Amino acid sequence: GMQTGTFTDAQRYQFEAPGHPGLSVAFNQWGCNTVTGGFTINELRFDNTALLGFSATFEQHCDGYLPALRGTLRYERVPAPDITVATAGTTLQSGATVNFEPAFLGGWSSRVIRIESTGNVDLTGLEVTKDPAGAADDFRITLSAPLPGTLARGQYASFIVYFYPSAFGQREVTLRIASSDPDE
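These numbers come from a predicted model, not from an experiment.

1. A closer look at the sheet that holds strand 13 (residues 156-163)
- Reading across from one edge, 7-6-8-13-11 is the order of the 5 strands in this open sheet, with antiparallel pairing throughout. Since the sheet does not close on itself, it has two edges, and those belong to strand 7 (90-92) and strand 11 (139-142), each with one partner. Strand-to-strand, the axes of this sheet are offset by a mean angle of 30 degrees, without reference to chain direction.
- The pairing of strand 6 (residues 83-87) with strand 7 spans 3 bridges and is antiparallel. The residue of strand 7 that forms the bridge with Val85 is Leu92.

Printed below as a string of structure tokens:
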């Protein structure tokens, strides 16, 4: 695996001889047939699932010509919350339609909705509401416990939506799940 340190006697990546580090800086489909040089990986940070930060400097000689190409590469993962909403093992995209089992007048059907924090920072501002339009009174949101104000990465919370039809025919409601996820 990758590690910090200085790596000399580099050769063209994917064609390097055993014991030599690989290096290949290319641009706009232009590259080198023969590469020599070296690089230093100054910083390399991971969490359990992803690269968080990277910093390296390099010097590459292309096909034996001078001057060398020198540069610095930096990467910093931008912290971002992300929400995943699912029911019955199916991930729901924003605007998704969820069908309930048919229910007779006086009966009911339900769906468990799971909210999970899947970003690289905590998910905050959770609130579940229903749009008052349509058959909103036929749908009830039941929480076994209040939604937490914050879901840490990898944590989840669930709630149940019950459908109690008050009339025959198709009934609809729009549920809104607010959170700190900037793109949902």
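Picking up after the structure, the text goes on.
2. Focus: the pattern of salt bridges
- Tallying each qualifying case throughout the model produces 6 salt bridges.
- Across the pair Glu43 and Arg45 runs a salt bridge, and its minimum N-O distance is 2.5 Å.
- Two residues, Glu116 and Arg114, come together in a salt bridge whose shortest N-O distance is 3.6 Å.
- A relative accessible area of 23% places Glu116 in the partly exposed class.
- On the accessibility criterion, Arg114 (32% relative accessible area) is partly exposed.

3. Topic: the sheet that holds strand 4 (residues 51-62)
- A sheet is described by the order of its strands in space; here 5 strands give the open sequence 2-1-3-4-5, paired in mixed fashion. Of all strands in the sheet, those with a lone pairing partner are strand 2 (22-23) and strand 5 (69-76), marking the two edges.
- Strand direction decides the pairing type here: strand 3 (residues 35-46) and strand 4, joined by 11 bridges, are antiparallel. Note that in strand 4 the partner of Gly37 across the bridge is Gln60.

4. Observations regarding the layout of surface pockets
- If you add up the space inside the largest pocket, you get close to 1,200 Å³.
- Along the walls of the largest pocket sit 38 residues, with Ala96, Thr97, Val98, Val173 and Leu175 positioned nearest its centre.
- Broken down by secondary-structure element, the contributors of at least two residues to the lining of the largest pocket are strand 6, strand 7, strand 13 and strand 14 (175-178).
- Grouping the amino acids of the lining of the largest pocket by side-chain chemistry returns 21 nonpolar, 12 polar and 5 charged.
- Considering only enclosed or pocket space, the second largest pocket measures out at about 340 Å³ in volume.

5. A closer look at the state of the cysteines
- Enumeration according to the criterion identifies 1 disulfide in this entry.
- Through a disulfide, Cys32 is tied to Cys62; the S-S separation comes to 2.0 Å. Its torsion about the S-S bond being -120 degrees, the disulfide of Cys32 and Cys62 is classed as left-handed. Residue Cys32 is found in the loop between strand 2 and strand 3, and its partner Cys62 is found in strand 4; the two are separated by 30 residues along the sequence.
- Taking relative accessible area as the criterion, Cys32 reaches 6% and is therefore assigned buried.

6. Description of unusual backbone geometry
- The amide bond that connects Leu66 to the next residue, Pro67, takes the cis arrangement and shows omega of 0 degrees.
- One non-glycine residue, Gln14, lies in positive phi territory at about 80 degrees.
- Secondary-structure assignment places Gln14 in the loop between strand 1 (5-12) and strand 2.
- For Gln14, a relative accessible area of 59% corresponds to the exposed category.
- Positive phi, close to 55 degrees, is recorded for Asp63, a residue that is not glycine.
- Inspection of the secondary structure puts Asp63 in the loop between strand 4 and strand 5.
- Since its relative accessible area comes to 33%, Asp63 is described here as partly exposed.

7. What to know about the nonpolar core
- Ile83, Ile115, Leu123, Leu126, Leu147, Leu151 and Phe159 are the most contacted members of the largest nonpolar core, which has 16 residues in total.
- For this core, the secondary structure elements donating two or more residues are strand 6, strand 8 (109-117) and strand 13.
- With residues up to four places along the chain from it excluded, the contact list for Leu147 reads Ile115, Leu126, Glu127, Val128 and Ala157.

Reading guide: rules and limits
Residues numbered from 1 in each chain as written. Predicted model: local features only at pLDDT ≥ 70, side-chain atom pairs only at ≥ 80, totals over all residues. Heavy atoms only, no water. Pairing = 2+ DSSP bridges. Helix = DSSP H or I, 4+ residues; strand = E, 2+ residues; numbered from the N terminus. Axes fitted to C-alpha atoms, helices over the stretch in contact; angles between N-to-C directions. Salt bridge = Lys/Arg side-chain N within 4 Å of Asp/Glu carboxyl O. Buried < 20%, exposed > 50% of the residue type's maximum accessible area, 1.4 Å probe, protein only. 1 Å grid on protein atoms, 1.4 Å probe; cavity = no way out; pocket = protein on both sides within 12 Å on 5 of 7 lines; lining within 4 Å. Points joined across faces, edges and corners; volume = space filled by probe spheres on them. Nonpolar A, V, L, I, M, F, W, Y, C, P; charged D, E, K, R; others polar. Disulfide = S-S within 2.5 Å. Core = buried A, V, L, I, M, F, W, Y, C linked by side-chain atoms within 4.5 Å. Contact = heavy atoms within 4.5 Å.

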